[in-house]
Amino acid sequence: MLEVKNISKSFYDKNVLDNVSAIFKRGQINLVIGASGSGKSVLVKCIVGLLEVDAGTVEFDGRNFTTMNFMERKLVRSEIGMLFQGSALFNSLSVEENILFPLEMYTKQSREEMLDRVNFCLQRVNLENVNHLFPAELSGGMQKRVGIARAIALNPKYLFCDEPNSGLDPRTGILIDNLIMEITKEYQMTTIVVTHDMNSVMETGENIVFLHKGKKWWEGNNHEILKTDNKELCDFVYASKIMQKFKGF
Amino acid sequence: MVTALHSIGEYFLLLSRVFKKPDNWKLYRRQILVEMTTLGLGSMGLIAIISFFMGAVVTIQTASNIDSPLIPDYAIGFATRQSFILELAPTVMCLILAGKIGSNIASEIGTMRITEQIDALEIMGVNSASYLILPKIIAALLIVPVIIIYSMFLGVMGGWFVSAYSDFTTMDKYLLGIRWNFTMFSIVYALIKTLFFAFIITSVPAFFGYFTRGGSIEIGRSSTKSVVYSSICILIVNYILTQLLLI
């Protein structure tokens, strides 16, 4: 379980996160949704320590991440996998080397054991025979899958996904969502997905945190979101004409 | 002024992160070899062409400007050797490398920054500054002196080519000139300067690349800034070292 308590973050005089608290449970997909500029990505970057919070705490299974020193954080980070919006694969390394990277950095396994793990992770994300290709030679969907394979290489307890299906067609986007969902259940990870894609919300939203202007505005699941009368959330969910028609506006 | 001081402070803070104990030497060793190939071998052709023709031109210029009968003919070879070993090879070649290697490093690290590859390293608990910059600095400290010695040799060879295939001087007098009053300290002096310059042409562009913010336009700006500032640093350090070493 991952808990954020009263997190605030501002850049100069702009308050990006304002006293946000939430609990993200293990073994389920936790979605952070909101319009562009609502603070979703900043929240995730604060949780993983890429940005320092101004106030509040982040607890990974009761361990206070905000007060940890570099070495203690490093230990927690070895339990974290992250899929970035643009996949963030290392361009100069092949697919195999990308997934090998965390294994070489943190394990003392033999080369054969590491390669077995690489192949297992690639198979898990339904990719085969791409070991020696470079990221530039892969499609967007394949890059995301390699990103997931790299993120799960060290068997993480916590998985963070920043807009995993941005730039993908709806079908591939749903495939990626389903893959994240399957992996989360299979490895009982605490998964946090930042998205503004309504397909993802409806498909995988077991616990949804809606951010608006840096504040937590609403929390619920994909069934409750359709019944809500929260104005800001309705403006977000029913932004398209087809969704308005669906709602009966 | 405040911005400049702030940047200098950031540069030294970055260096303090770069020189922290590496997480995994095995990965660093491999990276150093890769960087030596990229930074070193990739520059050999350019340096060879520039050095050879510059050596030839220095010889022709010296020969055509010496018309006093009091100056011996072997002074042409001597002047070519001295100018190449003391200044042209270490300083001018490093300025050229600052353009080639520097822009390469700044754009590579800058691209990694804006495509979140550096964030990915940080999430994995890797000291990204050390992993990305230290191998480049070590590789440059190892390979740039080799490039500079190679440049010295080719510069002198350029002069020899002129002496062999033109009427500006004779080969005997040129060969006498390049051996006349030679002291090993000239090479040591050039290599000391080279080590400082090698550090500058990797660390300054790495700094600009590492702190790139925004998109592709900013990568271009970082790349340009890195070349400008590393060139300025080389010239200032060259002046200081020349004062200190040749007192």
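Residues numbered from 1 in each chain as written. Chains lettered and ligands numbered in written order. Predicted model: local features only at pLDDT ≥ 70, side-chain atom pairs only at ≥ 80, totals over all residues. Heavy atoms only, no water.

**Student:** Teacher, can you tell me more about the overall build of chain A here?
**Tutor:** Within chain A, the secondary structure is distributed over 10 helices and 10 strands. Here the C-alpha atoms of chain A give a radius of gyration of 18 Å, agreeing with the 18 Å that 2.2 N^0.38 yields for 249 residues. Taken along the three principal axes of its C-alpha coordinates, chain A extends 55 × 45 × 30 Å. When burial is assessed residue by residue, chain A has 53% of its 249 residues classed as buried. The contacts of chain A with a sequence gap of at least 6 include a subset with a gap of at least 24, amounting to 64%. With an accessible surface of roughly 11400 Å², chain A has 51% of that area assigned to carbon and sulfur atoms. Between the mean site of the 29 positive side-chain charges and the mean site of the 31 negative ones, chain A shows a separation of 4 Å. (Helix = DSSP H or I, 4+ residues; strand = E, 2+ residues; numbered from the N terminus. Rg over C-alpha atoms; globule rule 2.2 N^0.38 Å. Buried < 20%, exposed > 50% of the residue type's maximum accessible area, 1.4 Å probe, protein only. Contact = heavy atoms within 4.5 Å. Areas by Shrake-Rupley, 256 points an atom, 1.4 Å probe, with all protein chains shown as cover. Lys, Arg positive; Asp, Glu negative; His and termini not counted. Charge placed at Lys NZ, Arg CZ, Asp CG, Glu CD.)

**Student:** How should the domain arrangement of chain A be read in this particular structure?
**Tutor:** In many reports, interface size means the accessible area that the parts give up when they come together. Residue and element names in this part refer to chain A. Here chain A is partitioned into domain 1 (2–79 + 159–247) and domain 2 (89–155). Placing the centre of domain 1 and that of domain 2 at their C-alpha centroids yields a distance of 25 Å. In this complex, domain 1 contributes 16 residues to the contact, which on the side of domain 2 involves 13 residues. The largest share of the area that domain 1 buries against domain 2 comes from Leu-179, Ile-183 and Tyr-187, three residues that together contribute 36% of it. Linking domain 1 with domain 2 are 2 salt bridges, by the criterion used here. The biggest single contributor to the side of domain 1 that touches domain 2 is helix H6 (residues 170–187), with 8 residues. By residue class, the composition of the side of domain 1 that touches domain 2 is 9 nonpolar, 3 polar and 4 charged. (Domains from an automatic or database assignment. Buried area = accessible area lost by both parts, 1.4 Å probe. Salt bridge = Lys/Arg side-chain N within 4 Å of Asp/Glu carboxyl O. Nonpolar A, V, L, I, M, F, W, Y, C, P; charged D, E, K, R; others polar.)

**Student:** Where do I start with the sheet that holds strand E10 (residues 215–220) of chain A in this structure?
**Tutor:** Remark on secondary structure: sheet strands pair via backbone hydrogen bonds, oriented parallel or antiparallel. Residue and element names in this part refer to chain A. Judged by pairing direction, the sheet is mixed, and its 6 strands sit side by side in the order E6-E7-E8-E3-E9-E10 without closing on themselves. Two strands in the sheet have a free side with no partner beyond their single neighbour: strand E6 (80–83) and E10. Averaged over all pairs of adjacent strands, the angle between their axes in this sheet comes to 20 degrees, without regard to strand direction. Note that strand E9 (residues 207–212) and E10 share 5 bridges and pair antiparallel. Bridge assignment links Phe-210 to a residue of E10, and that residue is Trp-218. Of the strands in this sheet, strand E3 (29–33), E6, strand E7 (158–162), strand E8 (190–195) and E9 touch helix H1 (residues 40–48), which is tilted by about 150 degrees from E8. (Pairing = 2+ DSSP bridges. Axes fitted to C-alpha atoms, helices over the stretch in contact; angles between N-to-C directions.)

**Student:** Would you mind going over the pattern of salt bridges with me for this structure?
**Tutor:** Opposite charge on two side chains permits pairing when their charged atoms draw close. Scanning the entire structure with this criterion turns up 20 salt bridges over all chains. With a closest N to O distance of 2.6 Å, A:Arg124 and A:Glu186 form a salt bridge. In this pair, A:Arg124 sits in helix H4 (residues 111–124) while A:Glu186 sits in helix H6, placing the two residues 62 residues apart along the sequence. On the basis of relative accessibility, which here comes to 44%, the residue A:Glu186 falls in the partly exposed class. Put simply, B:Arg17 and B:Glu122 hold a salt bridge, and the shortest N to O gap is 3.1 Å. With B:Arg17 in helix H1 (residues 2–18) and B:Glu122 in helix H4 (residues 117–123), the pair connects residues that are 105 residues apart, well separated along the chain. Accessibility expressed as a relative area gives 28% for B:Arg17, which makes it partly exposed. Through salt bridges with shared partners, one network takes in A:Glu104, A:Arg111 and B:Arg30.

**Student:** In this structure, what is going on with the interface of chain A and chain B? I would like to understand it.
**Tutor:** Every contact between the two is made by 22 residues of chain A and, on the other side, 17 residues of chain B. Together chain A and chain B conceal approximately 1900 Å² of surface at their shared face, both sides included; 62% is due to carbon and sulfur atoms. When the buried surface of chain A facing chain B is broken down by residue, A:Phe101, A:Glu104 and A:Met105 rank first, second and third, together holding 29% of it. At the boundary of chain A and chain B, one finds 4 residue pairs in polar contact (both at pLDDT 80 or more). Those elements that place two or more of their residues in the side of chain A that touches chain B are H1, helix H2 (70–77), E6 and helix H3 (95–106) of chain A. Ranked by residues supplied to the side of chain A that touches chain B, first place goes to H3(A) with 5 residues. By residue class, the composition of the side of chain A that touches chain B is 13 nonpolar, 3 polar and 6 charged. (Polar contact = N/O pair within 3.5 Å; in protein donor to acceptor, adjacent residues only side chain to side chain.)

**Student:** Can you walk me through the packing of helix H3 (residues 75–114) of chain B against helix H8 (residues 216–245) of chain B in this structure?
**Tutor:** To describe two helices that pack against each other, one gives the angle between their axes and the distance between the axes. All names here are of chain B. At a closest axis distance of 8 Å, the pairing of H3 and H8 adopts a crossing angle of 150 degrees. Taken together, the axis directions place H3 and H8 in an arrangement best described as roughly antiparallel. In this structure, H3 meets H8 at a crossing whose hand is right-handed. Across the contact of H3 with H8, the residue classes break down as 9 nonpolar, 15 polar and 1 charged. (Parallel < 35°, antiparallel > 145°, perpendicular 65-115°, else oblique. Left-handed = near helix turned anticlockwise from the far one by under 90°.)

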